[in-house]
Amino acid sequence: MKRAGNLTESIADLSNLQLAFVKAKRGKQCAKEVLCFTENIDVELEKLKNAILSGEVSVGKYHTFEIYDPKQRTICAAAFDERVLHHSLMNVCNRYFERQFISDTYATRRGKGQYAAIDTAFKAFSRYDYILKLDFRKYFDSVPHANLKRKLLRIFKDKTLLKIFFKIIDSYSVKPGFGLPIGNLTSQYFANYYLSDLDHYAKEVLKIPCYVRYMDDILVFEASMEKLKYDFDCINAFAVKNVLVLKPPIFSNYIKGIQFLGYKLFRHKILLNRRSRHRFVTRYYDYERNLHLGIWSQAEYQRHIMPLVAFTQHSYSKRLRHKVISG
C-alpha cells in the first residue's frame, strides 16, 4: 500500500487547527487553560502552526490522576495546546489509519463503537456455539515504542509528521521504550493500530468466521472447541512475537454466555454484568446529588446522566432502571 506523504501543511492549516480547537474544548469550555487559550487564540494557533511545520512541537506536559472504575488506571491529561495538536493530527491522519483496519475492529472509529461491537457479538451467538474471550495484560503500558514506530513507517512517509508522532510516543513511558499514556487521543489511534496486524492474521490466515475487537478486548466465535483452542494457541504466539502478554483466556459456550465491554451476552439476551449494575446505581445517585446540591447545572446533569442511562438501555435492565430512578 502506498505510504502517505505531504500531510504536514494540511495539518498546520489554520482551518484545521480551528476545527481541532473546537473539538478539544468540548465539555471543557470553562476550564482555566481553555479560557486562557481562547483569549489569545490567534496567537496560540499561529504558534501551533509554526511548531507543526517545523516538527518542533512541545509535548509531554501531562497531568496524571488515578481512576478506579471499572479498574485502577493512571490517566494522563495532556495540556490543552497538546490536545489541540492531537486533534489536528487525527483530523487529517484518521483516514490513513482507517485503511489499515478490518470491518470487525470497533474502537476509535466513526460508525463503529462499543454498541456496534456488542450488537455484532450478540448476533454471532445465534450462529456459533463456542466463544473465546481475550485481552492483554496492561495493554497500553505494554506497547513497545520501537515496534509502533516501525508500523507507523509503513503508512506514513512525511518526515515532519513522523517526527511529531515519534516525539509524542517518546514523551511517555512506564519503563524505557514501552507504554502509551491513557487519555491521549493519539494513544487511542496508536494502540488500536498496533493490533491491526493481529486482526488481519485472525481473519485472513486463521480464517476465524466471527471475530470482534474493541481495542484490546477480543471475542472469537467458532463452531467447535477444537478450532477455538487452535485459534488461541496461534493468537498467543502472535502476541508474544509482538511483545505483548495475553491474560488467561476465557473459553465459554452459548449456554454459559460471556462478559464483554460491561455486559453479559447470551444467545437470547444481553444483561449488564455485576460491575456495570453497581456502577449504574452508584453513579445515578451521585449525579442526582450533584444536581440537588447545585454542584452541577441542569445541562451538566443531562450531559452525564444521558449516556449512563443509554448504557443500561442496551441491555435487558428495565426493572433495574425503574427501581433506581423511581426509588
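Whatever comes next refers back to the structure up there.
As a starting point, this report considers the structure included with it.

What counts, and at which threshold
Residues numbered from 1 in each chain as written. Predicted model: local features only at pLDDT ≥ 70, side-chain atom pairs only at ≥ 80, totals over all residues. Heavy atoms only, no water. 1 Å grid on protein atoms, 1.4 Å probe; cavity = no way out; pocket = protein on both sides within 12 Å on 5 of 7 lines; lining within 4 Å. Points joined across faces, edges and corners; volume = space filled by probe spheres on them. Helix = DSSP H or I, 4+ residues; strand = E, 2+ residues; numbered from the N terminus. Nonpolar A, V, L, I, M, F, W, Y, C, P; charged D, E, K, R; others polar. Pairing = 2+ DSSP bridges. Axes fitted to C-alpha atoms, helices over the stretch in contact; angles between N-to-C directions. Contact = heavy atoms within 4.5 Å.

The next point concerns empty space enclosed by the protein. Overall, the coordinates contain two cavities of 30 Å³ or more when judged by the stated rule. As a volume, the largest cavity reaches approximately 50 Å³. Lining of the largest cavity is provided by Phe 136, Tyr 194, Leu 195, Asp 197, Leu 198, Phe 238, Ala 239, Asn 242 and Leu 244. Looking at the lining of the largest cavity, the elements that each hand over two or more residues are helix H11 (196-205) and helix H12 (225-241). Split into classes, the residues belonging to the lining of the largest cavity amount to seven nonpolar, one polar and one charged.

Attention now goes to the sheet that holds strand S3 (residues 130-134). With respect to topology, four strands assemble into an open sheet ordered S4-S5-S3-S6, the strand pairing being antiparallel. Strands at the two margins of the open sheet, each flanked by one partner only, are strand S4 (210-214) and strand S6 (250-253). The sheet shows a mean angle of 15° between the axes of neighbouring strands, taken without regard to direction. Bridge count for S3 against S6 is four bridges, and the pairing is antiparallel. Across the sheet, residue Leu 132 finds its bridge partner in S6, namely Phe 251. On top of the sheet, helix H6 (residues 114-124) reaches S4 and strand S5 (217-222); it is set at about 160° to S4, its chief contact.

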